[in-house]
Amino acid sequence: MRRVAVTGIGVISGLGANRESFWRALAAGESGIRPMELVATGTVRFPNAAEVRDYHAADHFDEKEVALLDRFAQFAAVAAREAVLDASIVWTQDLRERTAIVTGSSTGGQTSEDESFRDYYERKQTRFSPFAIPKAMSNAGASRISLEHGVTGPVYTVSTACSSANHAIGQAFWMVRNGNVELAIAGGSEAPFSPGMLKAWEGMRVVSPDTCRPFSRDRKGLILGEGAGMLVLEPLERAQARGAHIYGEIAGFGMSSDAHHLTQPLAEGAARAVRAALRDSDAAPEAIGYINAHGTGTLANDPTETDAIRAVFGAHTSKLLVSSTKSMHGHALGAAGAIEAAATLLALSRGIIPPTANFLGPDPACDLDVVPNIARAVEVEWALSNSFAFGGLNAVLALRR
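Residues numbered from 1 in each chain as written. Predicted model: local features only at pLDDT ≥ 70, side-chain atom pairs only at ≥ 80, totals over all residues. Heavy atoms only, no water.

### Observations regarding the overall build of the protein chain
Of the regular secondary structure elements, the protein chain holds 14 helices and 14 strands. In terms of overall size, the protein chain behaves like a compact globule, its C-alpha atoms giving a radius of gyration of 20 Å where 401 residues would be expected to give roughly 21 Å. Considered along the principal axes of its C-alpha atoms, the protein chain spans approximately 65 × 50 × 40 Å. When each of the 401 residues of the protein chain is scored for burial, the buried share is 60%. A separation threshold of at least 6 residues defines the contact pool for the protein chain, and within that pool the share at least 24 residues apart is 78%. Total accessible area on the protein chain stands at roughly 15300 Å², and carbon and sulfur atoms take up 53% of it. If the 37 positive side-chain charges of the protein chain are averaged to one point and the 43 negative ones to another, these points end up 1 Å apart. (Helix = DSSP H or I, 4+ residues; strand = E, 2+ residues; numbered from the N terminus. Rg over C-alpha atoms; globule rule 2.2 N^0.38 Å. Buried < 20%, exposed > 50% of the residue type's maximum accessible area, 1.4 Å probe, protein only. Contact = heavy atoms within 4.5 Å. Areas by Shrake-Rupley, 256 points an atom, 1.4 Å probe, with all protein chains shown as cover. Lys, Arg positive; Asp, Glu negative; His and termini not counted. Charge placed at Lys NZ, Arg CZ, Asp CG, Glu CD.)

### Some details on the packing of aromatic side chains
Tallied over the full model, the rule gives 6 aromatic pairs. Geometrically, the ring pair formed by Tyr120 and Tyr121 is edge-to-face, given 5.0 Å between the ring centres and 85° between the ring planes. Taking 6.1 Å as the distance between ring centres and 25° as the angle between the ring planes, the aromatic pair formed by Trp201 and Phe390 counts as stacked. On the criterion of sequence distance, the pair formed by Trp201 in helix α9 (residues 195-204) and Phe390 in the loop between β13 (382-389) and β14 (393-400) is long-range, its members being 189 residues apart. A cation over an aromatic ring shows up here: Arg81 above the ring of Phe61, its NZ or CZ 4.5 Å from the ring centre. (Phe/Tyr/Trp six-rings, centres within 6.5 Å; stacked < 30°, edge-to-face > 60°. Lys NZ or Arg CZ within 6 Å of the ring centre and 35° of its normal.)

### Observations concerning the pattern of salt bridges
On inspection of all chains with the given rule, the structure shows 32 salt bridges. Here Arg19 ties to Asp86 by a salt bridge, and the two come within 3.5 Å at their closest N and O atoms. Here Arg19, found in helix α1 (residues 19-28), pairs with Asp86, found in helix α3 (residues 71-86); they are 67 residues apart in sequence, far enough to count as distant. One salt bridge in this structure joins Arg177 and Asp280, with 2.9 Å as the shortest N-O distance. Residue Arg177 is located in helix α8 (residues 164-177), and its partner Asp280 is located in helix α11 (residues 267-281); the two are separated by 103 residues in the primary sequence. With a relative accessible area of 9%, Arg177 lands in the buried category. The exposure class assigned to Asp280 is partly exposed, which follows from its relative accessible area of 24%. A single salt-bridge network, built from bridges that share partners, covers Arg19, Glu20, Glu82, Asp86 and Arg350. (Salt bridge = Lys/Arg side-chain N within 4 Å of Asp/Glu carboxyl O.)

### Regarding the nonpolar core
The biggest cluster of nonpolar side chains holds 49 residues, and the ones touching the most others in it are Ile9, Phe22, Ile169, Leu231, Leu233 and Ile250. Here this core gets 9 residues from one element, more than from any other, and that element is helix α14 (residues 336-350). Residue contacts for Ile169: discarding those within four places in its chain leaves Ala186, Gly187, Leu231, Leu233, Ile250, Gly337, Ala338, Ala341 and Leu397. The next biggest cluster of nonpolar side chains, apart from the first, holds 31 residues, and it includes Phe61, Ala83, Val84 and Ala140. (Core = buried A, V, L, I, M, F, W, Y, C linked by side-chain atoms within 4.5 Å.)

### Overview of α3
Across its 16 residues, α3 extends 23 Å between first and last C-alpha, which sits within 8% of the 22 Å expected from 1.5 Å per residue. The buried fraction of α3 is high, at 13 of 16 residues. Among the residues of α3, the N-terminal cap falls to Asp70, whose side-chain oxygen and the backbone nitrogen of Phe72 are separated by 3.0 Å. Immediately beyond the C-terminal end of α3, within one or two residues, lies Ser88, with a positive phi of roughly 55°. (Expected span 1.5 Å × (residues − 1). Polar contact = N/O pair within 3.5 Å; in protein donor to acceptor, adjacent residues only side chain to side chain.)

### Some points on the side chain of Ser216
Structurally, Ser216 can be placed in the loop between α9 and β7 (227-235). Ignoring anything within four residues of it in the chain, the contact list for Ser216 reads Phe359, Leu360, Gly361 and Asp363.

### What to know about the packing of helix α5 (residues 110-122) against α9
One way to put it is that α5 packs onto α9 with a least axis distance of 8 Å and a crossing angle of 100°. With respect to their mutual orientation, α5 and α9 come out roughly perpendicular. Residue-level inspection shows Gln110, Asp114 and Arg118 of α5 in contact with α9, the latter providing Pro195, Gly196 and Met197. Taken together, the residues that form the contact of α5 with α9 break down as 2 nonpolar, 2 polar and 2 charged. (Axes fitted to C-alpha atoms, helices over the stretch in contact; angles between N-to-C directions. Parallel < 35°, antiparallel > 145°, perpendicular 65-115°, else oblique. Nonpolar A, V, L, I, M, F, W, Y, C, P; charged D, E, K, R; others polar.)

### Here we look at the packing of α1 against α14
Put simply, α1 and α14 touch, their axes get as near as 11 Å, and they point 75° apart. Comparing the axis directions of α1 and α14 gives the class roughly perpendicular. Residue-level inspection shows Arg19, Glu20, Phe22, Trp23 and Leu26 of α1 in contact with α14, the latter providing Ile339, Ala342, Ala343, Leu346, Ala347 and Arg350. Here the residues of the contact of α1 with α14 sort into 8 nonpolar, no polar and 3 charged.

### Brief notes about the sheet that holds strand β10 (residues 321-323)
Spatially, 10 strands are ordered β5-β4-β6-β7-β1-β8-β14-β13-β9-β10 in an open sheet, and the strand pairing comes out mixed. Only two strands of the sheet have a single partner each, and these edge strands are β5 (155-158) and β10. Pairwise comparison of adjacent strand axes, ignoring direction, gives a mean angle of 25° for this sheet. The pairing of β13 with β14 spans 8 bridges and is antiparallel. Bridge assignment links Ala383 to a residue of β14, and that residue is Leu399. (Pairing = 2+ DSSP bridges.)

### What about a nonpolar patch on the surface?
Taken together, the side chains of Phe117, Tyr120, Tyr121 and Phe128 present a nonpolar region at the surface, about 460 Å² in accessible area. Along the polypeptide, Tyr121 turns up in helix α5. The class for Tyr121 is exposed, based on a relative accessible area of 58%. (Patch = residues over 30% accessible without salt bridge, like charges linked within 9 Å, V, L, I, M, F, W, Y side chains within 5 Å.)

### Points about the pairing of β14
With respect to burial, β14 is a largely interior element, 6 of its 8 residues being buried. In the sheet, strand β8 (residues 248-257) pairs with β14 via 8 bridges, with the strands oriented antiparallel. Within the sheet, the bridge partner assigned to Phe253 lies in β14 and is Leu397. The loop that links β13 with its antiparallel partner β14 comprises 3 residues; one of these, Gly391, has a positive phi angle of about 90°.

Below is the structure:
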């Protein structure tokens, strides 16, 4: 089996419109959580979110294209463009045929779907655009990336709630490692800020009224985010031979199901996915230096994730750095794993561990070194990136410097 390198990273998020602005904010511990602007004030009881600010579709697509693409698909395409450019890919017909695109999205074209429902039920319209379905479909982002780059290999989308992007990256990694494809563009995208979707989240009562404080005392819930993260994966030998910049390796992938509850996480299920990622990467638990945690800031997730980490790592837990970057870019649902994988790879390659922002003080049930508020200059060889979804679906990436 081949080793798999990451040679391109693209990010658009509440922390900025590209990879470098994203990283600068992470390294500075700056939060992108602010009052919502995409929906009217008072639409929902929680006022804040991590929206992509100052985004104008016309800066990236012509007028006809904008009409065909939901915001989530636009984000997917923008992040993929940055990743492909970053990787300096020179396309040939053979490479296009041997490239995979695997994306994750939990809600797909929710903004477009919500608008269609409002047209029918509120505005009493009876005729709809023939593009209503193509805009709403969850694979619209993957299909757009395929069209832009002429990729004719395997192209598909995974939808497993908040684990979608990690499942997508993991499967793309396996395809490259096993020789099924020569290149992969993998990640996730999400744009959940429509009134209907936000009211549904309001009903769950897990969104914070102020900000996201993972693992902290007095935490009050998650904060929703949006955006996309895309990675370019290729065999390490190929990347080295062409002199590509290598951010790091994807060394393993593990997944599991809790088979327990739709919304309440289970430490045992999360631990199984972590162990599976370690086995797949042939890494000892003691090799791991950093974990980019799922870390939602909810009362249920954070102590459960702490228990899972302790179950796997035992005494080594005290040596682990564990931070949640959701404290800065919010919970981007199906895109979260991709944005966090990008954060983890940048942390490994640049020797800086991003902090858990907005931290007020330790919670005894979350007794981890969560790198509170201030980034740390630490060179780490191995890291994990955790994603644990509603429905009890867990996906963990093992990454190596």
